[in-house]
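One letter stands for each residue in the lines below.
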Amino acid sequence: MDEKATIDTLDDAIAAAAFRRLVHHLQQRHDAQNIDLMGLAGFCRNCLADWIRDAGFEGDKAEARAVIHGMPFAEWKDKYQSEATPEQLARMEESLKKNAPGH
């Protein structure tokens, strides 16, 4: 890989556009449950909300989640979140073990 093509050197406007596209995608894919995202990739919508706060978003946790979910989290949860199964929880726990520290 070309050293110039690392994520840390990506223009902020390009990175922001890609991030917004990801968030819009997740706002349309309610079938992709947070627990399943956690089980596969070790992050979910709520993680994205935490990450924007870590990056300087001045709102509180509820406001950050509303930005990412496209509505208040409680409303999203009532409409779209199903009860996690023991298998989903176990997959999530194993997936989280693979996460790099600080990511």
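Calculation notes
- Residues numbered from 1 in each chain as written.
- Predicted model: local features only at pLDDT ≥ 70, side-chain atom pairs only at ≥ 80, totals over all residues.
- Heavy atoms only, no water.
- Salt bridge = Lys/Arg side-chain N within 4 Å of Asp/Glu carboxyl O.
- Helix = DSSP H or I, 4+ residues; strand = E, 2+ residues; numbered from the N terminus.
- Buried < 20%, exposed > 50% of the residue type's maximum accessible area, 1.4 Å probe, protein only.
- Contact = heavy atoms within 4.5 Å.
- UniProt positions renumbered as here; feature names shortened; annotations may be inferred.
- 1 Å grid on protein atoms, 1.4 Å probe; cavity = no way out; pocket = protein on both sides within 12 Å on 5 of 7 lines; lining within 4 Å.
- Points joined across faces, edges and corners; volume = space filled by probe spheres on them.
- Nonpolar A, V, L, I, M, F, W, Y, C, P; charged D, E, K, R; others polar.

Under the annotation held in an unreviewed UniProt entry, the protein carries the name DUF1244 domain-containing protein and is attributed to Novosphingobium decolorationis.

### Some remarks on the pattern of salt bridges
Counted by the stated rule, this structure contains 3 salt bridges. One salt bridge in this structure joins E75 and K79, with 3.2 Å as the shortest N-O distance. With E75 and K79 both in helix α5 (residues 73–80) and 4 residues apart, the pair spans about one turn of that helix. Notably, a salt bridge pairs K97 with E94, separated by 2.9 Å at the nearest N-O pair. We classify K97 as exposed; its relative accessible area is 61%.

### A word on the environment of G70
The topology assignment puts G70 in the loop between α4 (61–69) and α5. Expressed as a C-alpha distance, the spacing of G70 and I7, which sit 63 residues apart in the sequence, is 26 Å. Leave out the neighbours within four places in its chain, and G70 touches Q27 and R65.

### Brief notes about the UniProt feature "domain: SMc04008-like" (unreviewed entry) in the protein
This chain's UniProt record puts "domain: SMc04008-like" (unreviewed entry) on residues 32–93. The annotated region residues 32–93 carries 69% helix and 0% strand content, and the separation between its end C-alpha atoms amounts to 18 Å.

### Description of the layout of surface pockets
By volume, the largest pocket amounts to about 520 Å³. When contributions to the lining of the largest pocket are tallied by element, the ones reaching two or more residues are α1 (12–28) and α3 (45–54). No other element matches α1, which puts 5 residues into the lining of the largest pocket. Of the residues that constitute the lining of the largest pocket, the class distribution is 11 nonpolar, no polar and 2 charged. Of the volumes computed, that of the second largest pocket is approximately 160 Å³. Around the second largest pocket, the lining residues are Q33, N34, I35, M38, C44, N46, Q81, S82, E83, A84 and M92. No other element matches helix α2 (residues 34–41), which puts 3 residues into the lining of the second largest pocket. Tallied by class, residues from the lining of the second largest pocket come to 5 nonpolar, 5 polar and 1 charged.

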